[in-house]
Amino acid sequence: MTDTTTDTSTNPAPASAPSPFGGVGWFEIGTDDPGTARRFYGEVFGWTFEVNGPYSVITTGDGHALQGGIQDTTADLPPSTPGTYAVPCVVVADVAATCAAVESGGGKVVVAATDTPMGLVYGMVTDPAGNRLGLFTPPTS
C-alpha cells in the first residue's frame, strides 16, 4: 500500500486560498429515534438542536464552526439509506463524479447522488475498508 500523505514540516504547502472541496464540512447522525439522540448528545456534550421536520441541525457550541445534523431514518429516504450511522460529510464539487471515483478507487456507493428540494446534492459511500462517508455539494446561490 502506498502512503500519499505529504510531510508539510519540510515541504510547506504554497500560500493560496483553500478549496472548499475535499474538507469535512458537516457530520450526520442517522437514527430511527431522533428524540433520544437529541437528548443524549444534548446532555452529554451540551449540543443544541433546531428541529425541522425529520432533520435536526446540530450546533456543537459557541464558536464551533463545524455543525451537523440528526436524520430521522424513518422518514422517506432512498431505500439504501442505513437505519443508523454516524458519518463525516465531505464537501465535493460533483457528488455523482465523486461516487464514480469512489468505485474506481475500490469503495462502494451506498446512496447514489440525490438531489434535495433546496438544491443540495448528497450521497453516501464507503471506503475500501467499509467505513462510511457522506458526500455533499451545497446549493448554488
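Keep in mind the model is a prediction, meaning the values are calculated, not measured.

S.K.: Looking at this structure, how should I read the environment of Val 87?
M.R.: Within the element layout of this structure, Val 87 appears in strand β5 (residues 85-91). For Val 87, a relative accessible area of 4% gives the class buried. Separated by 46 residues in sequence, Val 87 and Leu 133 place their C-alpha atoms 5.4 Å apart.

S.K.: I tried to follow the packing of aromatic side chains on my own but got confused; where do I start?
M.R.: Think of a pair of aromatic rings as described by two things: how far the centres are apart, and how the planes are tilted against each other in angle. Applying the stated rule across the entire model yields 5 aromatic pairs. Ring centres of Phe 40 and Tyr 41 lie 4.9 Å apart, and the angle between their planes is 85°; this geometry places the pair in the edge-to-face category. Look at Phe 40 and you get partly exposed, because its relative accessible area is 43%. Three or more aromatic residues link up through ring pairs in this structure, and these residues are Phe 27, Phe 40, Tyr 41, Phe 45 and Trp 47.

S.K.: I would appreciate a short explanation of the nonpolar core in the present structure.
M.R.: Soluble globular proteins tend to bury their nonpolar side chains together. By size, the foremost hydrophobic cluster in this structure holds 11 residues: Trp 26, Tyr 55, Tyr 85, Val 87, Cys 89, Val 91, Val 110, Val 111, Leu 120, Met 124 and Phe 136. Elements with a contribution of two residues or more to this core: β5 and β6 (108-115). Here this core takes 4 residues from β5, the largest share from any one element. Setting aside residues up to four positions removed in sequence, Val 91 forms contacts with Pro 20, Phe 21, Gly 22, Gly 23, Gly 25, Phe 136 and Pro 138.

S.K.: Please explain helix α1 (residues 34-45) as it appears in this structure.
M.R.: Because each turn of an α-helix spans 3.6 residues, side chains separated by three or four positions in sequence point in the same direction. For α1, spanning 12 residues, the distance from its first C-alpha to its last is 16 Å, which sits close to the expected 16 Å at 1.5 Å a residue. Those residues of α1 that are buried are in contact with β1 (24-31), β2 (48-52) and β4 (68-72). Just downstream of α1 lies Gly 46, where phi reads positive at about 80°.

What counts as what
- Residues numbered from 1 in each chain as written.
- Predicted model: local features only at pLDDT ≥ 70, side-chain atom pairs only at ≥ 80, totals over all residues.
- Heavy atoms only, no water.
- Helix = DSSP H or I, 4+ residues; strand = E, 2+ residues; numbered from the N terminus.
- Buried < 20%, exposed > 50% of the residue type's maximum accessible area, 1.4 Å probe, protein only.
- Phe/Tyr/Trp six-rings, centres within 6.5 Å; stacked < 30°, edge-to-face > 60°.
- Core = buried A, V, L, I, M, F, W, Y, C linked by side-chain atoms within 4.5 Å.
- Contact = heavy atoms within 4.5 Å.
- Expected span 1.5 Å × (residues − 1).

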